[in-house]
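# Descriptive structure summary
Letter by letter, the chains look like this.
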Amino acid sequence: METSQPRRILVAIKRVVDYNVRIRVKPDGTGVMLDGVKLSINPFDQIAVEEALRIKERGRADEVVIATVAPADAQATLRNALAMGAQRALHVVTDGAHLEPLGVARVLLKLVEKEKPFLVILGKQAIDDDNNQTGQMLAALWDRPQATFASKIELTDSAARVTREVDAGLETLEVDLPAVVTTDLRLNEPRFVKLPEIMKAKSKPLETIALASLGVPPDVRVKVTKTEPPAGRQRGIMVKDTAALFAELQKRGLV
Amino acid sequence: MSQVLVVAEHAGNKLNASTAKTVKAATTLAGAEVVVAVFTPGGSPVAAQAAQLTGVTRVLEVTHASNEHQLAATLAPQVAEVGKSFTHLFAPSTTFGKDLMPRVAALLDAPQISDVMSIESETRFRRPIYAGNAITTVEVAAGTKIVATIRTASFEAAAGGGNAKVETVASNATLPSHSRFVSLAAASADRPDLQSASKVISGGRALASADAFKIIYGLADKLGAAVGASRAAVDAGYAPNDMQVGQTGKIIAPELYIAIGISGAIQHLTGIKDARTIVAINKDSEAPIFEVADIGIVGDLFTIVPELEKLIDASKR
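Residues numbered from 1 in each chain as written. Chains lettered and ligands numbered in written order. Predicted model: local features only at pLDDT ≥ 70, side-chain atom pairs only at ≥ 80, totals over all residues. Heavy atoms only, no water.

### A closer look at the pattern of salt bridges
Residues and elements named next belong to chain A. The final tally for this structure, using the stated rule, is 38 salt bridges over all chains. Among the ionic pairs, Asp18 bridges to Lys38, the shortest N-O distance being 3.8 Å. You can see Asp18 sitting in the loop between strand S2 (15–17) and strand S3 (39–41) and its partner Lys38 sitting in the loop between S2 and S3, a full 20 residues away along the chain. The shortest N-O distance in the salt bridge between Arg60 and Asp157 comes to 3.1 Å. Pair noted here: Arg60 is in the loop between helix H1 (43–57) and strand S4 (63–70) and Asp157 is in the loop between strand S7 (146–155) and strand S8 (159–166), with a separation of 97 residues, a long-range link. Taken together, the salt bridges that share partners define one network made up of Arg8, Glu63, Arg88, Lys114, Glu115 and Glu207. (Salt bridge = Lys/Arg side-chain N within 4 Å of Asp/Glu carboxyl O. Helix = DSSP H or I, 4+ residues; strand = E, 2+ residues; numbered from the N terminus.)

### What to know about the interface of chain A and chain B
How big an interface is tends to be expressed through the accessible area that disappears when the partners come together. At the junction of the two partners, chain A supplies 75 residues and chain B supplies 85 residues. Buried area between chain A and chain B, both sides added, is near 6,800 Å², and the carbon and sulfur share of it is 55%. Taken together, the links from chain A to chain B amount to eight salt bridges. A salt bridge links Arg221(A) to Asp109(B); its shortest N-O distance comes to 3.3 Å. The interface formed by chain A and chain B holds 41 residue pairs in polar contact (both at pLDDT 80 or more) in total. Secondary-structure elements contributing two or more residues to the side of chain A that touches chain B are helix H3 (101–115), helix H4 (134–142), S7, S8, strand S9 (169–176), strand S12 (223–228), strand S13 (237–239) and helix H6 (242–251) of chain A. (Contact = heavy atoms within 4.5 Å. Buried area = accessible area lost by both parts, 1.4 Å probe. Polar contact = N/O pair within 3.5 Å; in protein donor to acceptor, adjacent residues only side chain to side chain.)

### Observations regarding the sheet that holds strand S11 (residues 179–186) of chain B
An order of S11(A)-S5(A)-S4(A)-S1(A)-S6(A)-S10(A)-S7(A)-S8(A)-S9(A)-S11(B) is seen for the 10 strands of this open sheet, with the pairing classed as mixed. At either end of the open sheet lies a strand with only one pairing partner, and these are strand S11 (206–210) of chain A together with S11 of chain B. Going across the sheet, the axis of each strand differs from the next one's by a mean of 30°, ignoring polarity. Packed onto the sheet, helix H2 (residues 75–84) of chain A meets strand S1 (8–13), S4, strand S5 (88–93) and S11 of chain A and runs at close to 165° relative to S5(A). Most of the contacts of H4(A) go to strand S10 (residues 179–183) of chain A, to which it runs at about 175°, and overall it touches strand S6 (119–123), S7 and S10 of chain A. (Pairing = 2+ DSSP bridges. Axes fitted to C-alpha atoms, helices over the stretch in contact; angles between N-to-C directions.)

Below you can see the structure in the form of C-alpha cells.
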C-alpha cells in the first residue's frame, strides 16, 4: 500500500549582503569588504519563500521547508524565513568550504532526495555573485523540468503552469511535477514578519547537516584572482534651462 | 587552440542580434575555431543567417521536431551532446542563455562563468558581481571545459558578409516531454522593451501619483523610448513592478537614460551605471543622481518635461 506523503515545497535561500548596502572593493583587490556589513536573505529567495507560503495557504501544499547551504552563523536567515511562516528548516553547514553553483545544486539534490518535494522554489539569482545558475543546475541533475524567472505559478495536481519573464515578453510553460521554479521580481510582494512570528520561529525545527556528511566535496574550479571597482562615472555638466538641455542632447545625437 | 561553440538565439526565422555579439566575443579568443550551433525544427533560414557572421568557421544546424520552441529542458541535452568536443560553450546572457546554459553546464559537469564582459585568455575572464558594483577576474585551470554566458552590452555585433559552411544534422534523440510550451505574450508592441531599448525614460517618487506618471509615457513616446521607474515610484504604486530599474529590478545599459524626479538611491544607480549617457532632471540640486549624470538640470519636472516635448516636436518639423 502506498503511504500518503505530505505535499512538500522545498525553498532554497541564500544569505547575502543587504541590497541597500553600498559594497566596497578591498583596496588590495582581494574581494569585497564584508566585515560589519548588514546581511539579509537574498531578495529573490524571499519572494520564493512567500510564493511557497501562498501555495500552502491555498491548500496546494502541506509543508514548506526552507534550506540553506551556508556557514553556521547563517542560522538567523533561516529563522527569518521560518518567521514568515515556513514549518521547518534544513541548514547544510559549510564551515569555510566554498561551493560553486554546481556544488550547491548537488547539495540541494541530496536534500531533494531526502525530502521528496513536489516543487522546489528558489530565487533566479543571488544578488552577490549574480550567477543565475543554481536552480537550472538542480533541475538538470534531478532530471526534472525547470521554469525560470517566474512571474506567476498556477498548480494542478500533476503540473505547474508558469509564466516566465523573458526578453520577448511573457512566456507560459507547462511543466510536470516535480519541478524547479526560480522566481522573478514580479511574482509577489513578500509579507512583513510580525514580532510574535519571530518569537514562534525560535522553536520551529531546524536541522543542521554537516556538508561532509552529504558526500559532496567542495570543488572550486573558477578562482577569483582579482576584484576591482567598476570604472567610475564622471560627474557631467549642468545645464541652466530646458533649451540648453535640448541643445546638448542634439549635439550628442541623442534626440 | 580553442574550439568555441556558440549557441544561437533565434525566434524561429530570425537570428537574434545577441547571437552576433556572442560570436564577436568568441572571436576575441585568439585563433579560436568558432562554430555556431542552431537548433531548429528544420526549414528555417537562421542557419544561413548565422553563416554570414564574420568570424564563424562553421554552422551546425541540428533539426528536431521539438526545436520549434526553444525550451531549456529539450535544448540542453542537444547542446551538451554537440558541446562534448568543444573547449568553450557560449550563449548570450539573455533570458534565453541564462535559462539554458546552467542546465548544459550541469549535464557536462562543467563550471559556468556568467555575464562575461571580457575574455582575457582561454582560461581568464572578467565578469561583474554585485550588480556591476565590482568587477572580478576569474580563472580556471588550463584544459577546463568552460560554459559561459556573454554580456551582450560588452560586445559589438559581429559584422555580416561572411560565408561559412552550413552542416545540417537531423537528430532523432529522445528528449524529455515533461516541459511544454503554452504561449508567448509579446511585450507591448507600441513601446520598446525596457531591457533592450536604446533609450529609457524613468520616473521617480517626485511624480507623486500614478496619474502624474503619465507625463513620463508622453515623453518616452516622443523619443521612441522605453519607460522605467525607481523602486520608490513602484513601492508608492505610481508604476508597475516590472518597470523597476535598479539592483532589485532591471539592470539596463541604454544609449540614453533620462531620470526624472529620481533622487538616485544606490540600488537605482546600480541598475543604470552602464548607460552611455545619463540625463537627470530633479528639483533638488543635492540629489545623488547628479553625481553620475552626464547632463543635469535642476528644476521642476512638470515644467521641464513639457518644454522638452515642445522642443522635440519643433525639431521634427
